[in-house]
Amino acid sequence: MSKIAEVKAAVENGKVKIVAGLVQEALDSGADAKQILNEGMIDAMAVVGARFQKNEIFVPEMLIAARAMKKGIEILQPALKAAGSEPVAKLIIGTVAGDLHDIGKNLVAMMIEGAGFEVTDLGVDVPKEKFIEELKAQPDVKVVALSALLTTTMPALKEAAEAILAYKKESGRDLKLIVGGAPITPAFADEVGADGYSEDAASAAELAKKVIGL
Ligand code: B1M
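Residues numbered from 1 in each chain as written. Predicted model: local features only at pLDDT ≥ 70, side-chain atom pairs only at ≥ 80, totals over all residues. Heavy atoms only, no water.

### Focus on the packing of helix α1 (residues 3–12) against helix α3 (residues 33–53)
Cut-off, in case you're wondering: Think of each axis as a best-fit line through the C-alpha atoms, taken over the contacting stretch in the case of a helix, with angles from 0 to 180 degrees between the N-to-C directions. Strands are runs of DSSP state E lasting at least two residues, helices are runs of H or I lasting at least four, and both sets are numbered from the N terminus onward. Each crossing is labelled by how the near helix is turned from the far one, with a counterclockwise turn of less than a right angle marking it left-handed and a clockwise turn marking it right-handed. Here, two residues are considered to be in contact whenever any of their heavy atoms come within 4.5 Å of each other. Side-chain classes are defined by residue name, with Ala, Val, Leu, Ile, Met, Phe, Trp, Tyr, Cys and Pro counting as nonpolar, Asp, Glu, Lys and Arg as charged, and the others, Gly among them, as polar.
Where α1 contacts α3, the axes come no closer than 8 Å and their chain directions differ by 30°. Crossing geometry of α1 relative to α3 is assigned as right-handed. Between α1, through I4, V7, K8, V11 and E12, and α3, the contact on the second element is made entirely by Q35, I36, E39, G40, M41, D43, A44, M45, V47, V48 and R51. Here the contact of α1 with α3 is built from residues that sort into nine nonpolar, two polar and five charged.

What follows is the structure, encoded as structure tokens:
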């Protein structure tokens, strides 16, 4: 079994204690950090999601797999960031109110950092007021990225987008809004008035650059 396949099996099976060591071994053996991320971790979480849908596993197992992935990401982070350069702009990111999913958002933040941005991560379950507070505290932020993973939190994303766009108008700031997350579609992004939508972390980094003209 390749090192990346070992990482994938460990994440799928929630082997929290061994994932970090396996990721380090994969890196030491010369594997590409993005390949470890995509084939070792993101693919593993897709398997976990499918098992959950088929009722083969339940929330606790899903949570343990998520923890295993986080442990691996901690080891991968420096290698993923290494591809980046000097900060090109400031960006705020958060998972919207009512939504506790942060693995995808963390990956997006990591890839955007890797693309050269200085990222402020507001975490999960972020009320719309918190985004505005942070924008006021950081007048040089250029981009806000919103994440939602549940169909039931899409309305919260819409409300946050409305609040951010209202603040943009009132303040006259040159702000861009980008959105993503499994249930979000390009049509929904248009509906909420976003400047862009991306379906994964790698394209989110490209999008963040594109909306500010880089
Ligand atoms: Co949750 N969960 N979960 N969960 N969970 C999903 C999302 C679900 C699809 C599982 C399923 O049914 N197959 C389902 C949602 C169904 C729906 O709404 N249509 C679901 C559910 C129902 C729930 C609960 C309601 C379960 C319950 O309690 N009954 C509950 C809700 C809690 C809450 O948020 N209030 C819940 C809880 C949890 C855990 C806490 C156990 C855990 C989260 C742990 C954590 O994040 N710290 C969890 C997990 C792990 C999942 C799955 C298995 C994996 C999510 C994940 O991390 N994927 C997920 C099923 C699945 O997606 N396979 C599921 C890997 C990650 C890399 O992908 O998050 O999609 P993703 O992020 C991608 C893109 O979406 C995109 O780029 C990312 C990287 O490529 N992206 C952006 C994300 N944000 C972006 C922002 C951008 C751009 C792109 O801005 C520009």
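### Some remarks on helix α6 (residues 128–137)
The periodicity of an α-helix, 3.6 residues per turn, causes residues three or four positions apart to be oriented the same way. The criterion, for reference: Remark: exposure states derive from per-residue accessible area (1.4 Å probe, protein chains only) relative to the maximum for the residue type, with buried under 20%, exposed over 50%, and partly exposed in between. What the arc describes is the spread of directions from the helix axis to the C-beta atoms.
F131, I132, E134 and L135 are the residues of α6 that are buried. Taken end-on, α6 shows its buried residues confined to a sector of 165°, consistent with a single buried face. Opposite the buried face of α6, by more than 90 degrees, sit the exposed residues K136 and A137. Next to the buried residues of α6 lie β1 (90–95), β2 (118–121), β3 (141–147) and α7 (154–171).

### Topic: the coordination of the cobalt atom of the ligand
Four donors placed tetrahedrally about a metal ideally form angles of 109.5 degrees, and six donors placed octahedrally ideally form angles of 90 or 180 degrees. Stated formally: Only nitrogen, oxygen and sulfur atoms qualify as donors, provided they sit within 2.8 Å of the metal or within 3.2 Å for Na, K and Ca; with water excluded from the atoms, sites may seem incomplete.
Coordination of the cobalt atom of the ligand by the protein comes from a single atom, H101 (NE2), at 2.2 Å. Mapped onto the fold, H101 is located in the loop between β1 and α5 (103–114).

### Quick look at the sheet that holds β3
Put simply, the test is: In this analysis, strands are considered paired if DSSP registers two or more bridges between them.
Taken in spatial order, the five strands of this open sheet run β2-β1-β3-β4-β5, and their pairing is parallel. A strand with exactly one partner marks an edge of an open sheet, and here the two such strands are β2 and β5 (196–197). Bridge analysis of β1 against β2 gives four bridges, and the strand direction is parallel. From the neighbouring strand, L91 faces β2, where its bridge partner is V119. Its contacts with the sheet place α7 against β3 and β4 (176–180), and it is angled at close to 165° to β3.

### A closer look at the packing of α6 against α7
Note the threshold: Any angle that falls under 35 degrees is termed roughly parallel, while one over 145 is termed roughly antiparallel, one within 65 to 115 roughly perpendicular, and all others oblique.
Packing of α6 against α7 leaves a shortest axis separation of 8 Å and a crossing angle of 30°. As far as their axial angle goes, α7 and α6 are roughly parallel. The handedness of the crossing between α6 and α7 comes out as right-handed. Counting all contacts with α6, which are made through K128, F131, I132, L135 and K136, the residues of α7 involved are E159, A160, A163, I164 and Y167. A class-by-class count of the residues in the contact of α6 with α7 yields seven nonpolar, no polar and three charged.

### Topic: the nonpolar core
Quick reminder of the rule: Here, nonpolar core refers to any group of buried Ala, Val, Leu, Ile, Met, Phe, Trp, Tyr and Cys residues whose side-chain atoms link them within 4.5 Å. An automatic or database domain assignment is the source of the domain bounds shown.
Counting residues in hydrophobic clusters, the biggest one holds 46 residues, and the most contacted among them are M41, L91, I112 and F117. Of all the secondary structure elements, the ones that give two or more residues to this core are α1, α2 (16–28), α3, α4 (59–82), β1, α5, β3 and α9 (201–211). When residues are assigned to domains, this core turns out to be shared by domain 1 (3–82) and domain 2 (90–211), each giving three or more. Contact partners of F117, with chain neighbours within four places excluded, come to V88, A89, L91, I112, V143, A208, K209 and I212.

### Let's talk about α1
For α1, the complete set of buried residues consists of I4, V7, A10, V11 and E12. Where α1 is buried, its residues touch α2, α3 and α4. G14 occupies a position one or two residues after α1 and carries a positive phi of about 65°.

### Section: the domain arrangement of the protein chain
Cut-off, in case you're wondering: Two parts placed together each lose some accessible area under a 1.4 Å probe, and adding up what both lose gives the buried area. Any Lys or Arg side-chain nitrogen found within 4 Å of a carboxyl oxygen on Asp or Glu counts as a salt bridge. Any pair of N or O atoms that falls within 3.5 Å is considered a polar contact. Within protein, one atom must be able to donate a hydrogen and the other to accept it, and sequence-neighbouring residues count only if both atoms are side-chain atoms.
Partitioning the protein chain into domains gives domain 1 (3–82) and domain 2 (90–211). A C-alpha centroid distance of 25 Å is found between domain 1 and domain 2. Contacts between the two partners involve 11 residues from domain 1, matched on the other side by eight residues from domain 2. For the pair domain 1 and domain 2, the two sides together bury roughly 830 Å², of which 81% comes from carbon and sulfur. Of all residues in domain 1, the largest losses of buried area upon contact with domain 2 belong to K70, L80 and K81, amounting jointly to 46% of the total for that side. Inspection of the domain 1/domain 2 interface yields one salt bridge. Ionic pairing is found between D102 and K70, a salt bridge with its closest N-O pair at 3.1 Å. Counting every contact that joins domain 1 to domain 2 gives one residue pair in polar contact (both at pLDDT 80 or more). Take the side of domain 1 that touches domain 2: its biggest share by element is seven residues, from α4. In the side of domain 1 that touches domain 2, the residues fall into seven nonpolar, one polar and three charged.

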